[in-house]
Amino acid sequence: MKTRTLLFLAAALALTASVLAAPAELPRLEQRGAATQLIVDGQPWLIRGGEVANTASSSLPYMDTVWPKMTRLNLNTVLVAVAWAWVEPTEGRFDFSLVDGLLEGARRNNQRVIFLWFGSWKNGISSFVPAWVKADQARFPRVRLTGGQSVEILSPLSEAALKADTRAYVKFMEHLARVDPQRTNLMIQLQNEVGVLGDSRDRGDAANAAFAGPVPPELMQYLAAHKDTLSPALARLRAAAGNKSAGTWTEVFGPGPATDEIFMAWHFAKYMGTMTAAGKAVYPLPVFTNTWIVQPEDQGPGDYPSGGPQPLTLDVWKAGAPAIDLNCPDIYLPDFDVQVASFHRPDNPIFVPESRGDVGGVANAFHAIGAHASLGYSPFGIDNTGRLLALRPEPGAAAPTDLENLPLARGYAALRDLTPLILEHQQKGTIGAAWLKTEQPRQEIALGDHTLAFELRKNRRTGKFTAEVGYALAFALGPDEFLVAGTDIQVTFVPRTPGAPIAGIADAEAGTMTDGRWVPGRKMSGDDILVDYSLGKAAAANQSGSGLMFGPNGPVLQRVKLYRYR
Ligand code: DGJ
């Protein structure tokens, strides 16, 4: 046979094999013990993520320069945008070659992706909708502000916009289902930071008419059925308005901008819930949203997008968009711990799709994963590696070249090695995290039979803190045995169960996790564990003065077995 014929036959065989190969299991969310986890290829998956800049994914040549960096940074999942405008530039003509190219790029680099559908709204504004939508204001009504001016925000009360965006989104999901049997794409983020900017609500005719009418019975029924678990802010509003079971928006929620926000939340939720359900009907992948949270300088809704899923409106979103699996925040505020806690509820498991990527970001990742069983973590703008040194690098600052040694790469390497342990202990509820900074240098966590008292790394002689950010993940391997992965932090142990009151270190060692197994390294004793020489002071607080210490340039893993004495 001629070489050409042989090559042709080989290619045909390869094609047949790939067509006949059974598709991989669908990614899904599953409650496993104490945690809701993302299941990929039948196994729990921890997202070591990063989101590229908004328009990075519109250029495949640019993405070719990005993928290898993601691997060097130890990511396993890259969040990339697919904009409505990029795939339906002319009405009814769809071109998904960009999507195919992104999937190929990810596969070549052994990465998974999470596509962000930038359709009707991105940061409140409708900037990623096709030009034919932008240009037809009569067909696609915009939000109107008090005073009547329109802004570049599609009204969520527009049936035409919902129909057009849903059609494009469903085409995209159909295409994905067809071209991604290996499930390179794991989940979908629908839109980005939705809500009205510039006013507390849409003041267009349709919105005004709906606002003057009754709160839909569907929402009233949900509120009644969930009255004991409503967010405290919503419950307070309801109570102040007399806990009515029916009425107009103002009657049910009281007068004021918070009611406008709830009204907008209902309409955004209905729109996005409709899209999600239509997408899931053709390809049932998990779907989440990403919220612009209230900033300290904001005076009211409209300064931040009014109607997004916020702690105040989460119940409205659950009622209006039950098909959406998670409502997630993007968090750049310094009180990351408070913000993430305000979104994490039994009916709203957590993923952090956007946050910082410097050392503070690694601390955030450890906290979200260890304290909130987060599906993972994803710093924004990761293709700009300067952002992995500082949240807002100086313009023109040289980008780091030693990617493998950036805090994020080291933190993700530790998370990678610890993944089986993390997922197992998230399920058992035997994992904790410490998240420390200068303003918050101490934290206690109850785990196993002990309280783990964490402090920022300290000078043993002067007692002064010698680090600005410290973080750790801690696993209770048994009642008196712990594995801790940390950077710039120290921890002592205080028994919290009946018995002898002081915990001493029976045995401690540094080590690594390889293929889910502990590989011991150096023994830890003497200078390695002597946290405090003031033994009298320590004993008065039922402490031994010994503990585990973690320096800079971590995370380092240490394992400790405790004993008790009196
Ligand atoms: C939050 C948005 O969700 C992102 O898409 C991006 O615009 C960042 N802000 C920029 O900091």
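Residues numbered from 1 in each chain as written. Predicted model: local features only at pLDDT ≥ 70, side-chain atom pairs only at ≥ 80, totals over all residues. Heavy atoms only, no water.

### Examining helix α13 (residues 336-343)
Step number 1: When we look at burial in α13, the residues that qualify are Phe-336, Asp-337, Gln-339, Val-340 and Phe-343. Taken around the axis of α13, the buried residues stretch over an arc of 165°, which confines them to a single face. (Buried < 20%, exposed > 50% of the residue type's maximum accessible area, 1.4 Å probe, protein only. Helix = DSSP H or I, 4+ residues; strand = E, 2+ residues; numbered from the N terminus. Arc of directions from axis to C-beta.)

### Quick word on the sheet that holds strand β17 (residues 469-478)
Step number 1: A sheet is described by the order of its strands in space; here six strands give the open sequence β14-β17-β18-β23-β20-β21, paired in antiparallel fashion. Each edge of the sheet is formed by a strand with only one pairing partner; in this case those strands are β14 (431-437) and β21 (517-523). Pairwise comparison of adjacent strand axes, ignoring direction, gives a mean angle of 30° for this sheet.
Step number 2: Two strands pair when backbone bridges link them, and β14 and β17 are joined in this way by seven bridges, in the antiparallel orientation. The residue of β17 that forms the bridge with Gly-432 is Ala-474.
Step number 3: This element, helix α15 (residues 407-428), spans β14, β17, β18 (481-487), β20 (502-514) and β23 (556-565) of the sheet and lies at about 55° to β17. (Pairing = 2+ DSSP bridges. Axes fitted to C-alpha atoms, helices over the stretch in contact; angles between N-to-C directions. Contact = heavy atoms within 4.5 Å.)

### Looking at the packing of helix α4 (residues 97-108) against helix α6 (residues 159-179)
A pair of packed helices is characterised by two quantities: the angle between their axes and the separation of those axes.
Step number 1: Relative orientation of the contacting elements α4 and α6 amounts to 40°, with a least axis distance of 11 Å. Classified by the angle their axes make, α4 and α6 are oblique. The handedness of the crossing between α4 and α6 is right-handed. Within the contact between the two elements, α4 uses Val-99, Asp-100, Leu-103 and Arg-107 and α6 uses Phe-172, His-175, Leu-176 and Val-179. (Parallel < 35°, antiparallel > 145°, perpendicular 65-115°, else oblique. Left-handed = near helix turned anticlockwise from the far one by under 90°.)

### Here we look at the domain arrangement of the chain
Step number 1: For the chain, the assigned domains are domain 1 (43-202 + 268-417) and domain 2 (432-565).
Step number 2: Taken together, the contacts link 18 residues of domain 1 with 14 residues of domain 2.
Step number 3: Between domain 1 and domain 2, roughly 1,300 Å² of surface is buried when both sides are summed, and carbon and sulfur atoms account for 67% of that area.
Step number 4: The interface formed by domain 1 and domain 2 includes zero salt bridges.
Step number 5: Where domain 1 meets domain 2, there are four residue pairs in polar contact (both at pLDDT 80 or more).
Step number 6: Mapped by element, the contributors of at least two residues to the side of domain 1 that touches domain 2 are α13, α14 (359-372) and α15.
Step number 7: Counting residues per element, the side of domain 1 that touches domain 2 draws most heavily on α14, which supplies nine residues.
Step number 8: When grouped by side-chain class, the residues that make up the side of domain 1 that touches domain 2 number nine nonpolar, five polar and four charged. (Domains from an automatic or database assignment. Buried area = accessible area lost by both parts, 1.4 Å probe. Salt bridge = Lys/Arg side-chain N within 4 Å of Asp/Glu carboxyl O. Polar contact = N/O pair within 3.5 Å; in protein donor to acceptor, adjacent residues only side chain to side chain. Nonpolar A, V, L, I, M, F, W, Y, C, P; charged D, E, K, R; others polar.)

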